[in-house]
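Each chain is listed here by its residues.
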Amino acid sequence: MPPASRAFAPLDLLQLIAIALIWGVNNVFAKLAVDALPAMMTVALRFVLVLAALFLWLKPPPADKRKLFLLMLVCVGPLHFGVQYVGLKLAHDLSPMVVAMQLWAPSSVVFAAVLLKEVVSPLRWIGVGVAFVGAASMNFDPVVLAQGWALALVAAASAAYGLGTVLVRRIGGGVDPWAMQAWIALATAPTMAIGSLAFERDQLQLAAHAHWSVWVFIAFGAIVSSIVANAFMFRLVQRYEVSRTTPYLLMTPVLTFALAAFVLGDTITPQILFGAAATLAGVALVALAERRFKAVA
């Protein structure tokens, strides 16, 4: 039975919901961590843990695709996480940043059309446009406009991740999912550590005075979010098309919105809600249009 027609098995559906919940909680934990510690230092610590857990899975990438593999690692590792965490550090409110994080999906459509020459249906282009307009419209709200640089950085990080996903598709098979995670950690941990030493200050003092919960947040991001949730996701994308899993993952920003309001005290205005709804609708349209396009292709 082809993936497009296979119903979700109960365990698979539970894993998909677990991914959305883990990532939704981790967004809040990441914000709490970078509020206590320097951003690049936080990223470095997270991926040191990932690398320690997955070091034995490191295997050489395909010899004929190493340059492409290196570019992919830069995009999904240091660029994505480094820029995103700096943006989160600068942000006063998490909710608009979470909306910007969803732009990786429409960005991947644009990069796939440019780099892979993929045929993009008109409906998917409409979804891309709606998603970007929704994210941009939040800047008309004074709450968001005051942290425009943070939003721009998080959006750029999402675009880098979108490019990275396209490069993964261009590389093709031959790389074990665990090895991929290990390589991402190896690319991210040392570069972020060097960046922290060069551009950040008082790391040891801040670490010494950090509450114990900060270390729990970082460990959660490394073990539960980066390793466990990604293990679930790798398994699911091997069994089901991405366009079927994406709509379920839209629970992630919804959960983060709720937690940001109650835990962080974020200000969520009608303009932010409108922009978020438009962005998520665009992302869902991209996914559903991809499914429809594959069904008729």
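Residues numbered from 1 in each chain as written. Predicted model: local features only at pLDDT ≥ 70, side-chain atom pairs only at ≥ 80, totals over all residues. Heavy atoms only, no water.

Participant: For the overall build of the protein chain, give the residues involved together with the corresponding values.
Facilitator: Counting secondary structure elements, the protein chain contains 14 helices and 0 strands. Helices and strands in the protein chain line up, N terminus first, as α-α-α-α-α-α-α-α-α-α-α-α-α-α. Taken over the C-alpha trace, the protein chain has a radius of gyration of 19 Å; the compact-globule value for 297 residues is 19 Å, and the two agree within 12%. A principal-axis box enclosing the C-alpha atoms of the protein chain has dimensions of 60 × 50 × 35 Å. Excluding contacts between residues fewer than 6 apart, the proportion of contacts in the protein chain whose partners are at least 24 apart in sequence is 90%. Only carbon and sulfur atoms are counted for the fraction: they give 73% of the accessible area of the protein chain, which is about 13,800 Å². Taking the 19 positively charged and 12 negatively charged side chains of the protein chain as two groups, their mean positions are separated by 11 Å. (Helix = DSSP H or I, 4+ residues; strand = E, 2+ residues; numbered from the N terminus. Rg over C-alpha atoms; globule rule 2.2 N^0.38 Å. Contact = heavy atoms within 4.5 Å. Areas by Shrake-Rupley, 256 points an atom, 1.4 Å probe, with all protein chains shown as cover. Lys, Arg positive; Asp, Glu negative; His and termini not counted. Charge placed at Lys NZ, Arg CZ, Asp CG, Glu CD.)

Participant: For the nonpolar core, give the residues involved together with the corresponding values.
Facilitator: By size, the foremost hydrophobic cluster in this structure holds 47 residues, and its most contacted members are Phe 47, Val 50, Met 72, Tyr 85, Leu 88, Leu 94 and Met 97. Look past the residues within four positions of Val 50 in its chain and what remains in contact with it is Gln 181, Ala 185, Ala 222, Ser 226 and Ile 227. Grouped together as the second largest cluster of nonpolar side chains are 12 residues, Phe 29, Ile 218, Phe 220 and Ala 229 included. (Core = buried A, V, L, I, M, F, W, Y, C linked by side-chain atoms within 4.5 Å. Buried < 20%, exposed > 50% of the residue type's maximum accessible area, 1.4 Å probe, protein only.)

Participant: Summarise the packing of helix α5 (residues 104-115) against helix α8 (residues 148-171); cite the residues concerned and give the values.
Facilitator: How two helices pack is summed up by the angle between their axes together with the distance between the axes. Close contact between α5 and α8 brings their axes to 8 Å; oriented N to C, the two are set at 50 degrees. On the basis of the axis angle, α5 is oblique to α8. Considering how the two elements wind past one another, α5 and α8 form a crossing that is right-handed. Touching Trp 104, Ser 107, Ser 108, Phe 111, Ala 112 and Leu 115 of α5 are Ser 158, Ala 159, Tyr 161, Gly 162, Leu 163, Thr 165, Val 166, Arg 169 and Arg 170, all from α8. (Axes fitted to C-alpha atoms, helices over the stretch in contact; angles between N-to-C directions. Parallel < 35°, antiparallel > 145°, perpendicular 65-115°, else oblique. Left-handed = near helix turned anticlockwise from the far one by under 90°.)

Participant: Describe the environment of Val 214, listing the residues and the values that go with them.
Facilitator: Considering the arrangement of structural elements, one finds Val 214 in helix α11 (residues 212-239). The class for Val 214 is buried, based on a relative accessible area of 5%. The spatial distance from the C-alpha of Val 214 to the C-alpha of Arg 66 is 36 Å, given a sequence separation of 148 residues. Residue contacts for Val 214: discarding those within four places in its chain leaves Ala 33, Ala 36 and Leu 37.

Participant: Let's hear about the pattern of salt bridges: which residues, and what values?
Facilitator: This structure, assessed with the given rule, holds 1 salt bridge. Its salt-bridge partner being Lys 31, residue Asp 35 comes within 3.1 Å of it at the nearest N-O pair. Of the two residues, Asp 35 and Lys 31 both sit in helix α1 (residues 10-36), 4 residues apart, roughly one turn of that helix. Overall, Asp 35 belongs to the partly exposed group, its relative accessible area being 45%. (Salt bridge = Lys/Arg side-chain N within 4 Å of Asp/Glu carboxyl O.)

Participant: I'd like to hear about the packing of helix α3 (residues 66-90) against helix α9 (residues 177-199), residue by residue, with values.
Facilitator: Contact geometry for α3 and α9: axes closest at 9 Å, N-to-C directions at 55 degrees. Considering their axes alone, α3 and α9 lie oblique with respect to each other. Viewed along their axes, α3 and α9 form a crossing whose handedness is right-handed. Contacts between α3 and α9 pair Phe 69, Met 72, Leu 73, Val 76, Gly 77, Pro 78 and Gly 82 from the former with Met 180, Trp 183, Ile 184, Ala 187, Thr 188, Thr 191 and Met 192 from the latter. Tallied by class, residues from the contact of α3 with α9 come to 10 nonpolar, 4 polar and no charged. (Nonpolar A, V, L, I, M, F, W, Y, C, P; charged D, E, K, R; others polar.)

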